[in-house]
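The residues making up each chain are set out below.
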Amino acid sequence: MRIVLLGTPGGGKGTQAKLICNYFNIPHISTGDIFRGKIKEGTAEGEVISSYMEKGQLVPDRLTISLVEERLIKDDCKNGFLLDGFPRDEKQAEALDLIMNKKNEQVNFAFLIDVSKEIILDRVLGRRVCPVCRESYHVKYNPPKVPGKCDVCGTALVHRPDDQKEIILDRLTIYNQTTQPILEFYEKKGILHKIKGDGGIQDIFSQISGVLKEA
Ligand code: AMP
């Protein structure tokens with residue numbers, strides 16, 4: 001199964017992506033994580049990426065698309081994958097189609113996790129992540145066992161710089177402008193599934209896995 005997971009920043013994509021990938025045993029490909037990895041490597045490419053990300057802006061398509069293609073041709077994607085954070089605009093959706101065509105494959109599910117702005121702010125402002133193993137927590141809804149420390153590796157958790165209120169509001173504006181055409185793109189193909197994302201983690205997961213199991 002080749003899945004595209006769409007939804008606002010902070011809408012719970014990352015959490016659902018992990019659950020889906022564990023359950024169906026496919027790799028979780030997050031462009032945000034690929035970028036954060038590049039920044040950590042300290043390369044010139046990482047510096048370019050960082051200059052966009054820290055302002056909440058989209059990284060240029062050319063660079064983004066080439067990094068995604070590089071990842072999708074790896075062996076572990078042979079039996080499927082889940083893309084989280086990509087495509088983010090129509091050009092990227094078309095580029096993904098081209099990458100798939102080259103491999104004689106196609107995306108067969110696009111999920112939109114639909115969440116209200118109030119809930120997104122609440123989730124993002126309380127989100128804390130582990131900078132080492134990338135586990136994600138929420139101070140109220142999914143707190144770590146020891147406050148401020150990662151359950152998995154014990155590292156001090158951080159509030160991502162692009163999860164601050166002004167930046168998240170900018171990211172939401174960009175999202176609203178760029179996502180509508182992607183929804184139409186996948187709706188036309190008949191593979192778009194809209195999921196109500198205001199509920200709990202398990203409730204959202206059962207809506208998604210219900211669709212995947214039926215297929
Ligand atoms: P995320 O972890 O998905 O919330 O992404 C964090 C940041 O990475 C975004 O605010 C963008 O700056 C950048 N980013 C992630 N995915 C993409 C993409 N598909 N195209 C361009 N920029 C992206």
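Procedures and definitions
- Residues numbered from 1 in each chain as written.
- Predicted model: local features only at pLDDT ≥ 70, side-chain atom pairs only at ≥ 80, totals over all residues.
- Heavy atoms only, no water.
- Core = buried A, V, L, I, M, F, W, Y, C linked by side-chain atoms within 4.5 Å.
- Buried < 20%, exposed > 50% of the residue type's maximum accessible area, 1.4 Å probe, protein only.
- Helix = DSSP H or I, 4+ residues; strand = E, 2+ residues; numbered from the N terminus.
- Contact = heavy atoms within 4.5 Å.
- Salt bridge = Lys/Arg side-chain N within 4 Å of Asp/Glu carboxyl O.
- Near = heavy atom within 4 Å.
- Polar contact = N/O pair within 3.5 Å; in protein donor to acceptor, adjacent residues only side chain to side chain.
- Nonpolar A, V, L, I, M, F, W, Y, C, P; charged D, E, K, R; others polar.
- Axes fitted to C-alpha atoms, helices over the stretch in contact; angles between N-to-C directions.
- Parallel < 35°, antiparallel > 145°, perpendicular 65-115°, else oblique.
- Pairing = 2+ DSSP bridges.
- Phe/Tyr/Trp six-rings, centres within 6.5 Å; stacked < 30°, edge-to-face > 60°.

Regarding the nonpolar core
- Counting residues in each nonpolar core, the largest one holds 25 residues, and the members touching the most others are Val4, Leu6, Leu72, Leu83, Leu96 and Tyr186.
- Of all the secondary structure elements, the ones that give two or more residues to this core are strand E1 (2–7), helix H4 (61–72), strand E3 (81–84), helix H5 (90–102), strand E4 (109–114) and helix H7 (165–189).
- Ignoring any residue separated from it by four or fewer positions in sequence, one finds Tyr186 in contact with Val4, Leu6, Pro87, Ala93, Leu96, Ala110, Ile191 and Leu192.
- Listed in part, the 23 residues of the second largest apolar core include Cys21, Ile26, Phe111 and Ile208.

Looking at the pattern of salt bridges
- Scanning all chains against the criterion turns up twelve salt bridges.
- Where Lys103 meets Glu105, a salt bridge forms, and the shortest distance between an N and an O atom there is 3.8 Å.
- Under the relative-accessibility criterion, Glu105 is labelled buried at 17%.
- Several salt bridges share partner residues, and in doing so they unite Arg127, Arg160, Asp162, Asp163 and Arg171 into one network.

Observations concerning the site of the ligand
- Looking at the ligand, there are 16 residues lining it, with Thr31, Gln57, Gly85, Arg88 and Arg171 nearest.
- The backbone of Gly85 places a nitrogen or oxygen atom 2.8 Å from a nitrogen atom of the ligand.
- Here a nitrogen atom of the ligand sits 2.9 Å away from a polar atom, N or O, in the side chain of Arg88.
- The element that contributes the greatest number of residues to the shell around the ligand is helix H2 (residues 31–41), accounting for four residues.
- Classifying every residue of the shell around the ligand by side-chain character gives five nonpolar, six polar and five charged.

What to know about the side chain of Arg71
- Mapping Arg71 onto the fold places it in helix H4.
- The exposure class assigned to Arg71 is buried, which follows from its relative accessible area of 18%.
- A polar contact of 2.7 Å, which involves the side chain of Arg71, links it to the side chain of Asp76.
- Once residues lying within four places of it in the same chain are set aside, the contact partners of Arg71 are Pro27, Ile29, Ile34, Asp76 and Cys77.

Considerations on the packing of H2 against H4
- The interhelical angle for the contact between H2 and H4, taken along N-to-C directions, is 100 degrees, at an axis separation of 11 Å. Here H2 is positioned roughly perpendicular relative to H4, judged by the angle of their axes. Side by side, H2 and H4 meet where Thr31, Ile34, Phe35 and Lys38 of the first sit next to Thr64, Leu67, Val68 and Arg71 of the second.
- A per-class count over the contact of H2 with H4 returns four nonpolar, two polar and two charged.

Describing the sheet that holds E1
- Here we have five strands laid out as an open sheet, ordered E2-E3-E1-E4-E7, and parallel in their pairing. If you trace the sheet from one side to the other, it starts and ends with strand E2 (28–30) and strand E7 (192–196), each paired once. For this sheet, the mean inter-axis angle between neighbouring strands, taken without regard to orientation, is 20 degrees.
- Pairing between E2 and E3: three bridges, direction parallel. If you follow Ser30 over to E3, its bridge partner there is Asp84.
- Running over the sheet, helix H8 (residues 201–214) touches E1, E4 and E7 and is turned about 160 degrees from E4.

Some details on the packing of aromatic side chains
- Applying the stated criterion to the full structure yields four aromatic pairs.
- Ring centres of Tyr23 and Phe205 lie 5.8 Å apart, and the angle between their planes is 70 degrees; this geometry places the pair in the edge-to-face category. Here Tyr23, found in helix H1 (residues 13–24), pairs with Phe205, found in helix H8; they are 182 residues apart in sequence, far enough to count as distant.
- On the basis of relative accessible area, Phe205 is assigned to the buried category, the value being 9%.
- Plain terms: the ring middles of Phe185 and Tyr186 are 5.1 Å apart, the flat faces sit at 85 degrees to each other, and that makes the pair edge-to-face.
- The class of Phe185 is buried, set by a relative accessible area of 15%.
- When its relative accessible area of 0% is taken as the criterion, Tyr186 is described as buried.
- Among the aromatic side chains, those forming a connected cluster through ring pairs are Tyr23, Phe24 and Phe205.

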